[in-house]
Amino acid sequence: MANLGEEKKEKLKLYSYWRSSCAHRVRIALSLKGLEYDYIPVNLLKGEQSDPDFKKINPMGTVPALVDGDVVISDSLAIVMYLDEKYPEPPLLPPDLHKRAVNFQAASIVLSGIQPHQNLGVIKFIEEKINSEEKTAWVTNAITKGFTALEKLLVSCAGKHATGDEVYLADLFLAPQIYGAINRYQINMEPYPTLAKCYESYKDLPAFQNAAPEKQPDAPASTS
Amino acid sequence: MYQVVVSEFSTSSLYYAEKKEKLKLYSYWKSSCSHRVRIALTLKGIEYEYVPVNPLKRDEFLKINPMGAVPALVDGDVVVSDSLAIIMYLDEKYPEPPLLPRDLHKRAVNYQAASIVFSGIQPYQNTPVARYIVEKTNAEEKTAWVNNAITKGFTALEDLLVSCTGKYATGDEVYLADLFLAPQIHAAINRFQINMEPYPTLAKCYESYNDLPAFQNAVPEKQPDAPASTS
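Residues numbered from 1 in each chain as written. Chains lettered and ligands numbered in written order. Predicted model: local features only at pLDDT ≥ 70, side-chain atom pairs only at ≥ 80, totals over all residues. Heavy atoms only, no water.

1. Some details on the sheet that holds strand 1 (residues 12-16) of chain A
Residues and elements named next belong to chain A.
So, step 1. Across the sheet, which stays open at both edges, the 4 strands sit in the order 2-1-3-4 with mixed pairing between neighbours. In the strand order of this sheet, the two ends are held by strand 2 (37-41) and strand 4 (71-74), each with one partner. Recorded for the sheet is a direction-independent mean angle of 20° between the axes of neighbouring strands.
So, step 2. Here strand 3 (residues 65-68) runs beside strand 4; their pairing, made up of 4 bridges, is antiparallel. (Pairing = 2+ DSSP bridges. Helix = DSSP H or I, 4+ residues; strand = E, 2+ residues; numbered from the N terminus. Axes fitted to C-alpha atoms, helices over the stretch in contact; angles between N-to-C directions.)

Pasting the structure below:
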């Protein structure tokens, strides 16, 4: 009997930190697409992203990073788009051009309008150079402006989820952002009924629930 | 909108041709986000009406674009704001030349490069943020803040692109990464006096854009709303 050689497909590896909203987005995408992966924790608080061993794998020194065989990709948008193009089901972008644009807009509001103003490096700087109250005001302001813009953007096209009745790119960026806003910054969601309704809708979806920070292998026991 | 066209083959019949509405770009000459979109439009040979956004007439602009952000593209009934969303929309509606390569990994590199600019650098150098830092600390602190963001971002971009660069950022064709690099480097050099010596890959890319009309025509100082003294 001939022994057929079988190429063993290497599992995807995700370098992640439980609390990183950027990693959170990618975890949702992987789960949605039913992709198995090895979860490799990188502790951002301890600065493990600067370890030479990690930098050999990901010279960018950032989390999340996806390793797919020889290919290493960092940055949540790049990873999510790569996954969507390589594993097209279910699609993360709708067929309609305008709705696709709305999805990119929503992702962008989070990526460039909110998250950059609440990441570790920035809040450390503000705390050091100004003070702790100013840091809270800064982050709250960024979230408020961003959520106001998202509410305006999505109010007329939201369905069950952000841009219709299917989960798309916008939802992958919204869920972690709203999670962080509620749990870390105690943002009141009342002024943003569309966003609040979207967030509620994710509670029924395993892909979103399994990606939550407190469910990750590196989450401290006290958070579960 | 309809235009009456008289057939050259028949003097007795008239037919109507539908006149396509020109795209409108709401732009600000100095905005690096608007700059990216201007490059995309010119690269694709798309004619557009340049509508400068006047800070004094913001209410009118808000009626067109409730987001209130510049740039905004108006294509008939569709309004798209945010430079990434606009560029992806243009690339999908007008696919030639393509703004993303075919290879999956190279596409990812393009998204990464764009992301480093629009989430890692530009948010820290825009006017409202800079103003806030000056108010709460001082001008030197603001300069250090912006320089730090650009240095970190450019170091990351240099590391990312050094092994896949060609004539341009990710090969011998212009792609998405170039549309984000060019305005960022332009601003870094002209507004923040950044020294490009530590970033030879980026500097070489920037040089290569000098030969491309699509890039040259999009620069801030060549826009209709640029003050006369900048040209």
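Still to come is the rest of the account.
2. Observations concerning the nonpolar core
So, step 1. If you look at the biggest cluster of nonpolar residues, it comprises 132 residues, and the most contacted ones within it are A:Leu83, A:Phe147, B:Leu90, B:Phe154 and B:Tyr209.
So, step 2. Considering every element that reaches this core, the biggest residue donor is helix 4 (residues 104-125) of chain B, with 10 residues.
So, step 3. Discounting residues that sit within four places of it in the chain, B:Tyr209 has contacts with B:Tyr168, B:Ala169, B:Asp178, B:Leu181, B:Ala182, B:Phe215 and B:Gln216.
So, step 4. Counting residues in hydrophobic clusters, the runner-up holds 12 residues, among them A:Val42, A:Phe54, A:Ala65 and A:Val67. (Core = buried A, V, L, I, M, F, W, Y, C linked by side-chain atoms within 4.5 Å. Buried < 20%, exposed > 50% of the residue type's maximum accessible area, 1.4 Å probe, protein only. Contact = heavy atoms within 4.5 Å.)

3. A few points about the confidence of the model for chain B
Residues and elements named next belong to chain B.
So, step 1. For chain B, per-residue confidence averages 88 on the pLDDT scale, and 89% of positions sit at 70 or higher.
So, step 2. Counting interchain partners and residues more than four positions distant, the pLDDT-below-50 stretch residues 1-18 has 19 contacts.
So, step 3. Per the prediction output, this complex has pTM 0.91; the corresponding ipTM is 0.92. (pLDDT = per-residue confidence, 0-100.)

4. A closer look at the pattern of salt bridges
So, step 1. The full count for this structure, using the stated rule, is 14 salt bridges over all chains.
So, step 2. Where B:Glu141 meets A:Lys129, a salt bridge forms, and the shortest distance between an N and an O atom there is 3.4 Å. Separated into two different chains, B:Glu141 in helix 6 (residues 139-161) and A:Lys129 in helix 5 (residues 120-129) make up a pair that spans both.
So, step 3. Its salt-bridge partner being B:Lys22, residue B:Glu47 comes within 3.7 Å of it at the nearest N-O pair. Here B:Glu47 is found in the loop between helix 1 (32-43) and strand 4 (48-52), whereas its partner B:Lys22 is found in the loop between strand 2 (14-18) and strand 3 (23-27), with 25 residues between them in sequence.
So, step 4. Exposure remark for B:Glu47: the relative accessible area of 59% places this residue in the exposed category. (Salt bridge = Lys/Arg side-chain N within 4 Å of Asp/Glu carboxyl O.)

5. Some details on the packing of aromatic side chains
Residues and elements named next belong to chain A.
So, step 1. Within this structure, the stated rule accounts for 14 aromatic pairs over all chains.
So, step 2. On the numbers, 5.4 Å between centres and 50° between planes, the contact of Tyr 15 with Phe 54 is tilted. Here the residue Tyr 15 occupies a position in strand 1, and Phe 54 occupies one in helix 2 (residues 52-57), the gap between them amounting to 39 residues.
So, step 3. Accessibility expressed as a relative area gives 9% for Tyr 15, which makes it buried. (Phe/Tyr/Trp six-rings, centres within 6.5 Å; stacked < 30°, edge-to-face > 60°.)

6. Here's the deal with the pairing of strand 2 of chain A
All names here are of chain A.
So, step 1. Inspection of the sheet shows strand 1 paired to strand 2 by 5 bridges, in the parallel sense. In the strand pairing of strand 2, Ser 16 is matched with Pro 41.
So, step 2. Handedness of the β-α-β unit built from strand 1, helix 1 (residues 21-32) and strand 2 comes out right-handed. (Right-handed = clockwise from strand over helix to strand, strands pointing away.)

7. Comments concerning the UniProt feature "domain: GST C-terminal" (unreviewed entry) in chain B
So, step 1. Within this numbering scheme, the UniProt entry marks residues 103-228 of chain B as carrying the feature "domain: GST C-terminal" (unreviewed entry).
So, step 2. Helix makes up 67% of residues 103-228 of chain B and strand makes up 0%, while its end C-alpha atoms are separated by 44 Å. (UniProt positions renumbered as here; feature names shortened; annotations may be inferred.)

8. Let's talk about the side chain of B:Gln184
So, step 1. Here B:Gln184 lies in helix 7 (residues 176-190).
So, step 2. Apart from residues no more than four positions distant in its own chain, B:Gln184 is found in contact with B:Val117, B:Ile121, B:Gln122, B:Gln125, B:Ile150 and B:Phe154.

9. Observations regarding the domain arrangement of chain B
Residues and elements named next belong to chain B.
So, step 1. For chain B, the domain assignment lists domain 1 (25-96) and domain 2 (104-221).
So, step 2. Listed as interface residues are 15 residues of domain 1 and, on the opposing side, 19 residues of domain 2.
So, step 3. Of the roughly 1600 Å² buried at the junction of domain 1 and domain 2 (both faces included), carbon and sulfur atoms supply 76%.
So, step 4. The largest share of the area that domain 1 buries against domain 2 comes from His 35, Arg 36 and Ile 39, three residues that together contribute 37% of it.
So, step 5. In this assembly, domain 1 and domain 2 are joined by 0 salt bridges.
So, step 6. Linking domain 1 with domain 2 are 1 residue pair in polar contact (both at pLDDT 80 or more).
So, step 7. Mapped by element, the contributors of at least two residues to the side of domain 1 that touches domain 2 are helix 1 and helix 3 (83-93). (Domains from an automatic or database assignment. Buried area = accessible area lost by both parts, 1.4 Å probe. Polar contact = N/O pair within 3.5 Å; in protein donor to acceptor, adjacent residues only side chain to side chain.)

10. Examining the environment of B:Gly171
All names here are of chain B.
So, step 1. Tracing the sequence through the fold places Gly 171 in the loop between helix 6 and helix 7.
So, step 2. On the accessibility criterion, Gly 171 (9% relative accessible area) is buried.
So, step 3. Excluding anything up to four places from it in sequence, Gly 171 contacts Lys 106, Cys 164, Thr 165 and Gly 166.

11. Some remarks on the packing of helix 6 of chain B against helix 7 of chain B
Residue and element names in this part refer to chain B.
So, step 1. Between helix 6 and helix 7, the least distance of the axes is 12 Å, while the angle of their chain directions is 140°. As judged from the angle between their axes, helix 6 and helix 7 are oblique. Taken as a pair, helix 6 and helix 7 cross one another with a handedness that is left-handed. Mapping the contact onto sequence places Ile 150, Phe 154, Leu 157 and Leu 161 in helix 6 and Leu 181, Gln 184, Ile 185 and Ala 188 in helix 7.
So, step 2. The class makeup of the residues in the contact of helix 6 with helix 7 is 7 nonpolar, 1 polar and no charged. (Parallel < 35°, antiparallel > 145°, perpendicular 65-115°, else oblique. Left-handed = near helix turned anticlockwise from the far one by under 90°. Nonpolar A, V, L, I, M, F, W, Y, C, P; charged D, E, K, R; others polar.)

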